[in-house]
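Structural characterization, general
If you want the building blocks of each chain, they are given just below.
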Amino acid sequence: MNKEARKNQKVHTIYKNSKGIRVPGVTTILSVLNKPALIHWAWNLGIEGIDYKKFVDDKAAIGTLAHDMALCHVKGQESDTSEYSKAQIDLAETCFLKYLDWESQHTMEPVVTEEALVSEKYQYGGTADNYCILDGIPTLVDYKTGKAIYPEMFFQLAAYVNLLKENNYPVERAMILRMGRNEMEGFEVKEMSDLKKEWQVFQNCAKIYTLKKQITKKYK
């Protein structure tokens, strides 16, 4: 595998329940949802003559590195930038500096950072970014890069909140912290204290995911 491919390849976490049986992850379950905004965005790139795959790979690399920088900082570690281009590092640092500015305005005590958790009750797994005591409140902070926060991100957030609670980590609030990859994309935080409906959406997606798997096996 070449350097570019290694850099953009995300490690896929395998989740297993207490019996050692593999269970789907949050992202896998939510893949049953259609994402019209993403389709329209890809279509617009084509109209502009931009190679969709190359564009996505580059943006993914920037986002991955920025995400890594923020979480390494929380864990007191150094982020490895050796396999990224200077342009990608510069843009990732733009994201990271926005995060540092936000963090400097709060007190944060990390409790669980990027720990793989499994729900025995609902049979799924997930890895939440940063569960911490933020300004004295047990909080889940989920880091995103890009130019917008989309509804499906809150479905994901609700699933992570349930994972934490089921594993004895009380959550009083949850937030998505979006770090734009350049000045135009900006920075925003959206806090949610009630994710009941978003949790219902996730549960229904899990049911659809399971049914689709059963149907696929039926016709093999």
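Preceding block: the structure.
Keep in mind it's a predicted model, so treat the numbers as computed, not measured. (Residues numbered from 1 in each chain as written. Predicted model: local features only at pLDDT ≥ 70, side-chain atom pairs only at ≥ 80, totals over all residues. Heavy atoms only, no water.)

1. A short note on the nonpolar core
Judged by nonpolar contacts, the single largest core of 29 residues is most densely connected at Val26, Tyr124, Leu140 and Phe202. Those elements that provide at least two residues to this core are helix 2 (26-30), strand 3 (108-119), strand 4 (124-134), helix 6 (151-166), strand 6 (173-179) and helix 7 (196-218). With ten residues, helix 6 is the single largest residue contributor to this core. Leave out the neighbours within four places in its chain, and Tyr124 touches Val23, Pro24, Val26, Ile29, Leu117, Val118, Ser119, Ala159, Asn162, Leu163, Trp199 and Phe202. One finds Leu65, Ile89, Cys95 and Val141 within the second-largest nonpolar core, a separate group that totals 22 residues. (Core = buried A, V, L, I, M, F, W, Y, C linked by side-chain atoms within 4.5 Å. Buried < 20%, exposed > 50% of the residue type's maximum accessible area, 1.4 Å probe, protein only. Helix = DSSP H or I, 4+ residues; strand = E, 2+ residues; numbered from the N terminus. Contact = heavy atoms within 4.5 Å.)

2. Re the sheet that holds strand 7 (residues 187-192)
Here five strands make up an open sheet; going across it, the order is 3-4-5-6-7 and the pairing mixed. The sheet terminates laterally at strand 3 and strand 7, the two strands that pair on one side only. Neighbour-to-neighbour, the strand axes of the sheet open up by a mean angle of 30°, direction not taken into account. Against the sheet, helix 6 makes contact with strand 3, strand 4, strand 5 (137-145), strand 6 and strand 7, and its axis sits at roughly 80° relative to strand 4, the strand it touches most. (Pairing = 2+ DSSP bridges. Axes fitted to C-alpha atoms, helices over the stretch in contact; angles between N-to-C directions.)

3. So, the packing of aromatic side chains
Tallying each qualifying case throughout the model produces seven aromatic pairs. Between Tyr124 and Trp199, the aromatic rings sit 6.3 Å apart at their centres with planes inclined by 45°, giving tilted as the arrangement. With Tyr124 in strand 4 and Trp199 in helix 7, the pair connects residues that are 75 residues apart, well separated along the chain. Judged by centre distance (5.4 Å) and plane angle (55°), the ring pair of Tyr131 and Tyr169 falls under tilted. One end of the pair, Tyr131, is in strand 4; the other, Tyr169, is in the loop between helix 6 and strand 6, and 38 residues separate them in sequence. Residue Tyr131 is classed as buried on the basis of its relative accessible area, which comes to 3%. (Phe/Tyr/Trp six-rings, centres within 6.5 Å; stacked < 30°, edge-to-face > 60°.)

4. Here we look at the pattern of salt bridges
All told, the structure shown has seven salt bridges when counted by the stated rule. Note that Lys86 and Asp90 form a salt bridge whose closest N and O atoms lie 2.8 Å from each other. Highlighted residues: Lys86 and Asp90, both in helix 5 (residues 86-103), separated by four residues, approximately one helical turn. Accessibility expressed as a relative area gives 63% for Lys86, which makes it exposed. (Salt bridge = Lys/Arg side-chain N within 4 Å of Asp/Glu carboxyl O.)

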